[in-house]
Amino acid sequence: MSIPQSGGGPIERHEQMAEYLADGCKPKDDWRIGTEHEKFGYCKDTHKPLPYEGERSIRAILEGLRDRYGWAEVNEGGNLIGLTKEGANVSLEPGGALELSGAPLETIHQTCDEVNEHLREVKSIADEIGVGFIGLGAAPEWMHDEMPLMPKGRYKLMDAYQSTVGTTGTTMMRRTCTVQVNLDFGSEADMVQKMRVAIALQPVATALFANSPFFEGKPNGMKSYRSWVWRNMDAARTGMVPFVFEDGFGFERWVQYALDVPMYFVYRDGKYIDALGMSFRDFLKGELPALPGEKPTLSDWADHLTTLFPEARVKKFIEMRGADGGPWRRLCALPALWVGLTYDQSALDAAWDLVKGWDAETREAWRVGAADHGLDAVVGGRKMQDLAREVVDIARSGLKSRARPGLGGMVQDERHFLHALEDSIENGKVPADELLERYEGDWGGDLSKIYGEFSY
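In this text the structure is predicted, and so the values were computed from the model without any measurement.

### Some thoughts on the nonpolar core
Now for step 1: Counting residues in each nonpolar core, the largest one holds 95 residues, and the members touching the most others are Met195, Leu201, Trp254, Trp301, Leu337 and Trp338.
Now for step 2: For this core, the leading source of residues is helix H6 (residues 188-208), giving 12 residues.
Now for step 3: Setting aside residues no more than four positions away along its own chain, Trp301 makes contact with Ile11, Met17, Tyr20, Val255, Ala258, Leu259 and Phe280.
Now for step 4: Counting residues in hydrophobic clusters, the runner-up holds 40 residues, among them Leu50, Ile61, Ala88 and Ile125.

In C-alpha cells:
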C-alpha cells in the first residue's frame, strides 16, 4: 500500500490533475523499472501470522533492518510502520505482510539483485527470532480474526469501509499478497498503448503467476484466489476499466474516472481524516464535508490516485497489478514479462495487434478464466496456455531487442528471467498446480508442510 504523498501546491485549475499525470512522461533513455513484492510473515513453531508488537513481530523485523542495514525509519502516530533507503521503501500491508517497493532501476539484472539483497536481509533478521516468510497469493490457513490490522490510519479507515461496498475487501487487505512492476511511458500516446496492452494481457500474468489455491486450510477451487477476491471487492475502483479502449482515452479521461471513485481519506498534519465515500469533485469546489471550505492540493490528488485499484493503473507511471505473490523466480519474471512487452516498440506493437480485436466481454472472460483455471482457461475456443506462449514469445523478443547485458557482460540480455514462465508454458503448470499436486500427493492433505518447503 502507498505511503502519503508530499509536495505540490493547491489545485487552482482542472487541467492540473491531468498535467500531474503527464509530468510522468520521460524520454526512453530515462525509463526505469520499479518492482514491488509482498510476502507473509509467520512464527516458525506455530505457523501463526506475526503480530505488530513483540519479540517475534513485524516491528522486530523493521527494527532489525533499521539497526543492521541502515534503513531510515518511517513513523506514524509513534509507530514504526516502514523504512526507506536509496529510493526503495519497506512498508506494511494491512494484515502485516511485508512489502519491498524497489528503487527505480535501469535493468532487470539490477532489480533481481535488489530482490536478492532484500530477501537476504530479511532472512538474517527473521532466522534469529524464529520467523519465516512465504510468497503466496493468499494466506493458506489463517482466519480473518488471526490477522492483525497494522497501526496505520489509512488501514483503519479502509477496513471500516470495505464491508459496505463489496464482500471481500477485508480479505484483500489482510490475507492476499502480490508482486507488481511499475513502468514508465514516453508520451500520452505511449501511455495509452501501454495501458491498453496492460489491461488486456493482465489475465495472462494472473494465470502464469497464479499461486493461491488454498484458503482457510483447504483448496478453494481456484488457481488465483487473490484475483477472485479483487473481482468481488469494490466495483467502483477495481476491474478491467473498459473505457481505456474507447476513442479519446488519455490523461484527462483517467482524471474523470478517478474523480468518480469515492474517496477514502485526506492526509493532514500526520493524520488521516475520514472522507469515506465522499467526492473529490466536491473537494475541488471546497465542499468536502470532511474539510468544509478547504480545497485540495496536488498531494491530495496524488493520494487519491493511490486508492484506485484496477488491474493496471496510471499515476506518473503504470502499475501492473494482476499477479499473485510467489516464489523467488517469479519475483524476477514479472518485470521481465512486462518490460519485454512494453519497453521495445516492436514488441509493444505486436502485443497490441494480439489484443486490439478483443471486446470488453472477451477481456473479462480471460480475467475470470485466469483466476479459476490458470493456463487451462479457454475463451472463444482458445486456451490460455497457447495465448501465454505467444505473449511470452513477444516479451522474449522485446528483451532481446533491449539487449541489456548483466554480470559484467557475461549475460547478453534479460531473456533468462523468463525461464520460469517458459517452464510453466511447456509443462502447463503454474505454481498453484504444483502446490495442489504436493497437497494431494506426498503432503497427504497436510497443508502445514507448505511452510517448510515454500518459504524464502
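There is more to say after this.
### Thoughts on the pattern of salt bridges
Now for step 1: Tallied over the entire structure, the rule returns 42 salt bridges.
Now for step 2: A salt bridge links Glu63 to Arg59; its shortest N-O distance comes to 3.0 Å. Of the two residues, Glu63 and Arg59 are both situated in helix H2 (residues 58-69); the distance of 4 residues between them amounts to about one turn of the helix.
Now for step 3: When its relative accessible area of 26% is taken as the criterion, Glu63 is described as partly exposed.
Now for step 4: Residue Arg367 is joined to Glu364 by a salt bridge in which the shortest nitrogen-to-oxygen separation is 3.5 Å. One end of the pair, Arg367, and the other, Glu364, are both in helix H13 (residues 360-373), 3 residues apart, so they sit about a helical turn from each other.
Now for step 5: Exposure remark for Arg367: the relative accessible area of 6% places this residue in the buried category.
Now for step 6: Through salt bridges with shared partners, one network takes in Lys223, Asp376, Lys383 and Asp433.

### Quick word on the packing of aromatic side chains
Now for step 1: The full count for this structure, using the stated rule, is 22 aromatic pairs.
Now for step 2: Aromatic pair Phe214 and Tyr439: ring centres 5.2 Å apart, planes at 50°, arrangement tilted. Linking Phe214 in strand S8 (residues 214-215) with Tyr439 in helix H16 (residues 431-440), this pair joins segments that are 225 residues apart in sequence. Like Phe214, the residue Tyr439 is buried in the burial classification.
Now for step 3: Above the plane of the ring of Trp31 lies Lys194, whose end atom (NZ or CZ) is 3.5 Å from the centre.
Now for step 4: Sitting over the ring of Phe245, Arg363 keeps its end group 3.5 Å from the ring centre.

### Quick notes on the confidence of the model for the protein chain
Now for step 1: Averaged over all residues, the pLDDT of the protein chain equals 96, while 98% of them reach at least 70.
Now for step 2: Taken element by element, the protein chain is modelled with least confidence in helix H4 (residues 153-162), mean pLDDT 92, and with most confidence in H6, mean pLDDT 99.

About the thresholds
- Here the residue numbers are simple positions, counted from 1 along each chain's written sequence.
- Local features are withheld for residues below a pLDDT of 70 in this predicted model, meaning they are given only at 70 or higher, and side-chain atom pairs are given and counted only at 80 or more; totals for whole chains, interfaces and linings count all residues.
- Computation of side-chain values covers all heavy atoms of the structure but excludes hydrogens and water.
- We define a nonpolar core as any set of buried Ala, Val, Leu, Ile, Met, Phe, Trp, Tyr and Cys residues linked to one another through side-chain atoms lying within 4.5 Å.
- Under the scheme applied here, a residue whose accessible area is under 20% of the maximum for its type counts as buried, over 50% as exposed, and between as partly exposed, the area being computed with a 1.4 Å probe on protein chains only.
- Comment: elements are numbered from the N terminus, with helices defined as DSSP H or I runs of at least four residues and strands as E runs of at least two.
- A contact between two residues is defined here by any heavy atoms of the two lying within 4.5 Å.
- Any carboxyl oxygen of Asp or Glu that lies within 4 Å of a side-chain nitrogen of Lys or Arg is treated as forming a salt bridge with it.
- Ring pairs are drawn from Phe, Tyr and Trp, using the six-membered ring of Trp, whenever the two centres fall within 6.5 Å, and their geometry is named by plane angle: stacked under 30 degrees, edge-to-face over 60, tilted for the rest.
- Only Lys NZ and Arg CZ are tested; either one counts as a charge over a ring when it is within 6 Å of the ring centre and within 35 degrees of the ring normal.
- Confidence scores here are pLDDT values: one per residue, from the predictor, ranging 0 to 100.

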